[in-house]
Amino acid sequence: MGLVTSLAIDCHGHFTTEPESLRAFRAAQVAFAEGRSTRRPPPPEIEDDELRATVERNQLRQQRERGSDLTILSPRASAMGHHVPDQDIATEWARLSNDLIRRIRDLFPRNFAGVCQLPQTVDGDLDPVLAELERCVGNGFVGCNLNPDPSGGGWSAPPLYDRWWDPLWQAMTRLDVPAMVHVSGSCRPALHTTGGHYLAADTAVFMQLVEGDLFERHPTLRLIIPHGGGAAPYHWGRYRGLAIMLGKPPLSEHLMHNLFLDTCVYHQAGIETLFRVIDPKNLLFGSELLGAVRADDPETGHPFDDTKRYIDALGLDDATRHAVFEGNARRVYPRLDTLLNDLGGPSR
Ligand SMILES: [Zn+2]
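So, here's what we can say about the structure. All of these numbers come straight from a predicted model, not from anything done at the bench.

## With respect to helix α4 (residues 127–138)
Then comes step 1: For α4, built from twelve residues, the straight-helix expectation of 16 Å at 1.5 Å per residue is met to within 8% by its first-to-last C-alpha distance of 16 Å.
Then comes step 2: Of the residues making up α4, those classed as buried are Val 129, Glu 132, Leu 133, Cys 136 and Val 137. Here the buried residues of α4 occupy an arc of 130° about the axis, which is enough to place them on one side. Those residues of α4 that are exposed and angled more than 90 degrees off the buried face are Asp 127 and Gly 138.
Then comes step 3: Of the surrounding secondary structure, the elements contacted by the buried residues of α4 are α3 (87–107), β3 (112–117), β4 (143–146) and α5 (166–175).

## A word on the environment of Arg 240
Then comes step 1: Along the chain, Arg 240 falls in helix α8 (residues 236–245).
Then comes step 2: It is 6.4 Å that separates the C-alpha atoms of Arg 240 and Leu 251, two residues lying eleven residues apart in sequence.

## Structural notes on the sheet that holds strand β6 (residues 223–225)
Then comes step 1: In spatial order, the strands read β1-β2-β3-β4-β5-β6-β7-β8; together these eight strands make up an open sheet with parallel pairing. In this open sheet, the two strands that pair with only one neighbour each are β1 (9–15) and β8 (283–284).
Then comes step 2: Bridge count between β1 and strand β2 (residues 70–75): five bridges; the pairing is parallel. Opposite Phe 15, over in β2, you have Pro 75 as the bridge partner.

## Focus on the nonpolar core
Then comes step 1: Ile 9, Ile 224 and Leu 284 are the most contacted members of the largest nonpolar core, which has 78 residues in total.
Then comes step 2: Not counting chain neighbours up to four residues away, the residues in contact with Ile 9 comprise Asp 69, Leu 70, Ile 72, Phe 285, Phe 325, Glu 326 and Ala 329.

## Let's talk about the pairing of β4
Then comes step 1: Going residue by residue along β4, you find Gly 143 and Asn 145 tucked away on one face and Cys 144 and Leu 146 tucked away on the opposite face as well.
Then comes step 2: Here β3 runs beside β4; their pairing, made up of three bridges, is parallel. Paired with Gln 117 across the strands is Asn 145, a residue of β4.
Then comes step 3: Where the polypeptide runs from β3 across α4 and back to β4, its parallel neighbour, the crossover connection is right-handed.
Then comes step 4: Relative to strand β5 (residues 179–181), β4 is paired through three bridges, and the arrangement is parallel. Paired with Cys 144 across the strands is Ala 179, a residue of β5.
Then comes step 5: Crossover handedness for the path β4 to α5 to β5: right-handed.

## A look at helix α12 (residues 318–332)
Then comes step 1: The end-to-end C-alpha distance of α12 is 20 Å, a good match for the 21 Å that 15 residues give at a rise of 1.5 Å each.
Then comes step 2: Residue Val 324 marks the point of greatest curvature in α12, where the axis turns by about 55°.
Then comes step 3: All of the buried residues in α12 are Arg 321, Ala 323, Val 324, Phe 325, Glu 326, Gly 327, Asn 328, Ala 329 and Val 332.
Then comes step 4: On the buried face of α12, the contacting elements are β1, β6, β7 (259–262), β8, α11 (307–312) and α13 (334–343).

## Side note on unusual backbone geometry
Then comes step 1: Phi at Asp 86 is positive, roughly 85°, even though this residue is not glycine.
Then comes step 2: Along the chain, the position of Asp 86 falls in the loop between β2 and α3.
Then comes step 3: Backbone geometry places His 227, a non-glycine residue, at a positive phi of 55°.
Then comes step 4: Mapped onto the elements of the fold, His 227 is located in the loop between β6 and α8.
Then comes step 5: Exposure remark for His 227: the 23 C-beta atoms within 10 Å place this residue in the buried category.

Scoring rules and cut-offs
- Residues numbered from 1 in each chain as written.
- Predicted model: local features only at pLDDT ≥ 70, side-chain atom pairs only at ≥ 80, totals over all residues.
- Helix = DSSP H or I, 4+ residues; strand = E, 2+ residues; numbered from the N terminus.
- Expected span 1.5 Å × (residues − 1).
- Buried ≥ 20, exposed ≤ 12 C-beta atoms within 10 Å, placed from the backbone.
- Arc of directions from axis to C-beta.
- Contact = placed C-beta atoms within 7 Å.
- Pairing = 2+ DSSP bridges.
- Core = buried A, V, L, I, M, F, W, Y, C linked by C-beta atoms within 7 Å.
- Right-handed = clockwise from strand over helix to strand, strands pointing away.
- Bend = angle between axes of the 7 residues up to and from the residue.

Structural data, given as C-alpha cells:
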C-alpha cells in the first residue's frame, strides 16, 4: 500500500442485468414504434427489492471481488437503440432507463453515480436531448452518454465538430457535465456491436476531433472516448501526422486538455501501450462493469475485463495511481466530486 489511499472509481459501467420486464417492455415498445404492433405498452412496474437483489448479486459482488469502490453507471449502451424511429419513443425509453439508474444510485449512493442515456434518434432534434440531460442532472446525474452515430453503423449524423451539435455542448458546459462518446448496438450484420462497431466508432470520433476545432470553440467541454480510445493510442503517430497535415496544433494542445480515455483494454500489453502513449492525466480507470467481454483469459486465469489488475501490475507511482483511479474522475466529473465530498470518507 502506497502513501496515497485512493478510491477506485470505475468511470464505465452499464446496468446490464435489467429485470426481464424491462426487456419485454422495450421489445413491445420497439414493435409499436416500427409499426409491427398497434399496442403501445405501459411502462413496467419494477420494485426496489428486485433492483436491490440484482445489483447485490452482480455489480456489487464484482466491485467487492475486484476492489473497486464506485461505478459510474449508465443504462445498457447496446440497448439505447437510437436507430428506432420516433423521438417520443426514444424519450420514453431514455426516461425509464435513466430512472432505474437513479433508483440504483439512491439504493447504493456510495457505490454508484449516474450517467444518463439521451433520447437521440436518426435525424432527430436536440431539444428533447437537452431536456432529458437537464432533467437527469437535476436528479443528481454526473454526465451523459452521447451517441455520435444514432443510425447504428450508417454514420449519417454530422461530425461532432459540426455546429449542429453546439446547443448540446453549450448545455453540457453550463451544467458542467462531461459526455462519454458511446455508440449503441450495430444495425449492420458486417459490424459486430462490441468488437467492430464500438472500437470503430471510438476511432472515427477521435479523428473527427483531430479534424475539427471543437475544443477551441468550447474550451471547457470534456469528452471521454471509451475502450481505451479505440485504435487511436496504437496509431498515435498517424494522428499526430494527420494533425500536422491538417494545420492543427499538436494533439497535446489540440485535444488533450479536453479529451479523456478509459482503461477498458482487456490485456496487459494493451494497457502498457495505453500508459506509454497517453499522459496518465488523460486516463480514467474503467472496466465496463458487467460488460462487453464476459470470459476468463486462459493465459492468466483471470477475467479479461478485470482491468484493475492490469493497472496494478504497472507499478505506478502514488500520484499517478491516485490520478487514474480517483483524481482524474473527480476533475472530469465535478458533480461526482461534489457528491463524494458530501458523502464524506471512502466506502470501505
Ligand atoms: Zn460501454
